[in-house]
Amino acid sequence: MASSDLLAAPAAVSSHTRVNDFSIQVATVNGSGSQTANLVLLRSIFQMGVPVSGKNLFPSNIAGLPTWYTIRANRHGYIARKKEIDLLVAMNPETAREDVLALEPGCAVVYDETLKLDQVRSDLAFYPVPFDKIVAEVCPDARLRRLVRNMIYDGVLSRLLQIDLAEMDKALTRQLKKKAKALALNLAALQAGFAYASEHFVDRPVPLAVERMAETQDLILIEGNAAAALGCLMAGVTVVSWYPITPSSSLCETLIDYLRKYRMDPETGKATFAVVQAEDEIAALGMVVGASWAGARSMTSTSGPGISLMAEFTGLAYYAELPAVIFDVQRVGPSTGLPTRTAQGDIAFVAGLSHGDTKHILLLPASVAESYTMASQAFDLAERFQTPIFVMMDLDLGMNTWMAEPFPYPDAPLDRGKVLTPETLQAIGEWGRYKDVDGDGIPYRTLPGQFGPSFFTRGSGHNAKAQYSEKADDYTANIDRLLRKFETARAHVPQPELEAVPGARVGLIAYGTSHWAIVESRDQLRQELGIETSYLRVRAYPFTHHVAEFIDAHDRVYVVEQNRDGQLFGLLRQELSGAQIGKLTSVRHYNGLPIDARSVTEEIRAHESRMALPPETSPEDAVVGAEEAV
């Protein structure tokens, strides 16, 4: 049956229907093929012009454990995780009851009828579906039914939420276009789900709907790791050394695909790049440092446990002054932690990674667009400052699907930094590998096989000429110059983004994916509490002068981040005065789920209530009073 045969006239949207503003949670089992169905659902809404985001919460095993996928559609463009669920698709018998009990009254539940969830609560709208019966009719091969049955709930939701079935067809075809048999089976399941809902639920509408908009017509959908891989390609990376680790593996895997497609010599058919899967993270970074010593643009990607193993080679690269680009796609720790949960827990560790006195440059992307641009910037900065550069992503950004404008093709030449040339040597007179001739802390380097004196480098104690030295003056001069180089970097790293509201006495500071919750929370604070806020998004470490100026301009500043100990807060404290530190309050989110706006708003609400608290009033009374005033 063709899709067009199933299409009925769109149901009239009730005045009580929430249009383009809801969240869907799909609860399934890991390894059941639900990812295809979830991405088709996400893309279908996106293709109808509605801003969306998708969050995948999956276990750290191959198959069999519960997994949840949350899709948020929002006409205002809010794409942070929404704390509340409006519609649940319950497909996992082990978690179904718990998932249903967690819902707010009035929510909708699409579920496998064998679970009998309508007996659990009476204040929800239930939509039972006989998945096994439907999939048996559309998929004769019993071995494949487990991988096809999830597409049935896409068809049901297409009908219930008024998602154009043709858009579902389009999204599914895009997903499985190279697998003709799988595509045919899934299309049949999709249409069967739509037909079942059309027959059985037509008089039981869901008070949620999708209507066409034009907000996404010029946008793309992409994961952060894929965007970063594309940025590395554009930056001219030639050596990739890595060891697989969740959630960073897909960055190098995608980069390998790009390199094989775009970096093969057209005449010889040979690769113009080198990719090595090392025996561990220690070796991976060692190879990166060695390749950069030889003049190659080289990189690796890892997560917290890998960062721990890379500490010694990071110190070597810092002191020997060799470029390296390291992507840290952060996850929950400590130890092996929760490999498939997101966090911002490495920033303090990485900022001073290695033993002794080290300070590293960190880039802090908040979006897939910045994952792309900062990947390219990282290579320029690594060679400009002859040092490791860390791109601090997180699982939410790296492994989830985000909207973005198409990425621009780079139009600036590569910045190889201070590479010695005949003209430079003549101008400076005498060259020393670690000699600061310009006052910025950055020496001139030579590359093997190119012009220049013999190539020197040294990771142990050395003087300005790279000669071995244990003299106290040589060491302090060298380590002070490295600090001077770090200070120089303040003017070259990505500058923070500032949204200053005239008259606002409250400021917010955040970085990375916390940004999306902040955008929404600021609107909630304004609409619900009448609190106007200014906002500074930090995009790199070392911090620029904008941070202290922002704090000086406000009475109270909330530092929002996704870790227990307020690590950004701690780095700020190292550079601020006592008066500035006294204005700061740490707002932390660290349960492994992507940060949501409501959690930020409620914590700031509580703090603001305490600030206005008369001496004889309890904090609880203040919160109640603030809510009553609203």
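Just so we're clear, the structure is a prediction, and the values are computed from it rather than from any experiment.

> Can you break down a positive patch on the surface residue by residue, with the values?
Together, Lys 170, Arg 174, Lys 177, Lys 178 and Lys 261 line one region of the surface with positive charge. For Arg 174, the position within the fold is in helix H7 (residues 165-176).

> For the environment of Trp 431, give the residues involved together with the corresponding values.
Looking at the secondary structure, you find Trp 431 in the loop between helix H17 (422-428) and helix H18 (472-489). In this structure the C-alpha to C-alpha distance between Trp 431 and Arg 445, which are 14 residues apart in sequence, comes to 9.3 Å. A polar contact of 3.0 Å, which involves the side chain of Trp 431, links it to the backbone oxygen of Tyr 444.

> Lay out the pairing of strand E16 (residues 388-394) in plain terms, naming residues and giving numbers.
When you tally the buried positions in E16, you get seven out of seven residues, the bulk of the element. Of the two faces of E16, the one carrying Pro 388, Phe 390, Met 392 and Asp 394 and the one carrying Ile 389, Val 391 and Met 393 are both buried. In terms of strand pairing, strand E13 (residues 324-332) meets E16 through seven bridges, oriented parallel. In the sheet register, Phe 327 faces E16, and the bridge partner there is Val 391. Direction of pairing for strand E15 (residues 361-363) relative to E16: parallel, over a ladder of three bridges.

> Give me the sheet that holds strand E18 (residues 497-499): which residues, what numbers.
The strand order E18-E20-E19-E22-E23 describes an open sheet built from five strands, whose pairing is mixed. The strands lining the two open edges of the sheet, one partner per strand, are E18 and strand E23 (584-588). For this sheet the average axis-to-axis angle between neighbouring strands, irrespective of direction, equals 20 degrees. Of the strand pairs in this sheet, strand E22 (residues 556-561) and E23 are connected by five bridges, and their pairing is parallel. Of the residues in E23, the one forming a bridge with Val 560 is Val 587. Helix H19 (residues 514-529) contacts E18, strand E19 (506-510), strand E20 (533-537) and E22 of the sheet and is inclined by roughly 175 degrees relative to E20.

Thresholds, definitions, all that
Numbering of residues begins from 1 in every chain and follows the order in which that chain's sequence is written. Residues qualify for local features only when their pLDDT is at least 70, as the model is predicted, and side-chain atom pairs are given and counted only at 80 or more; totals for whole chains, interfaces and linings, by contrast, use all residues. Calculation of side-chain values draws on the structure's entire complement of heavy atoms; hydrogens and water are dropped beforehand. Two joining distances apply to patches: 9 Å for like charges and 5 Å for nonpolar side chains (Val, Leu, Ile, Met, Phe, Trp, Tyr), and every residue must have over 30% relative accessible area and no salt bridge. All accessible-area figures derive from a Shrake-Rupley calculation using a 1.4 Å probe, and residue coverage is judged against the displayed protein chains alone. Salt bridge, as applied in this entry: a Lys or Arg side-chain nitrogen positioned within 4 Å of an Asp or Glu carboxyl oxygen. Think of it this way: Lys and Arg go in the positive column, Asp and Glu in the negative one, and His and the chain ends go nowhere. Where a charge lies is defined by one atom per residue type: Lys uses NZ, Arg uses CZ, Asp uses CG and Glu uses CD. Only runs of H or I of at least four residues qualify as helices and only runs of E of at least two qualify as strands under DSSP, and these elements are numbered from the N terminus. Think of a polar contact as two N or O atoms within 3.5 Å of one another; within protein, one of them needs to be a possible hydrogen donor and the other a possible acceptor, and neighboring residues in sequence only count if both atoms come from side chains. With a 1.4 Å probe rolled over the protein chains alone, any residue whose accessible area is under 20% of its type maximum counts as buried; one over 50% counts as exposed, and the rest are partly exposed. Pairing between strands is defined by DSSP: at least two bridges between the two strands are required. Working convention: axes come from line fits to C-alpha atoms, limited for helices to the stretch in contact. Angles between N-to-C directions cover 0 to 180 degrees. What makes two residues a contact is simply this: any of their non-hydrogen atoms within 4.5 Å.

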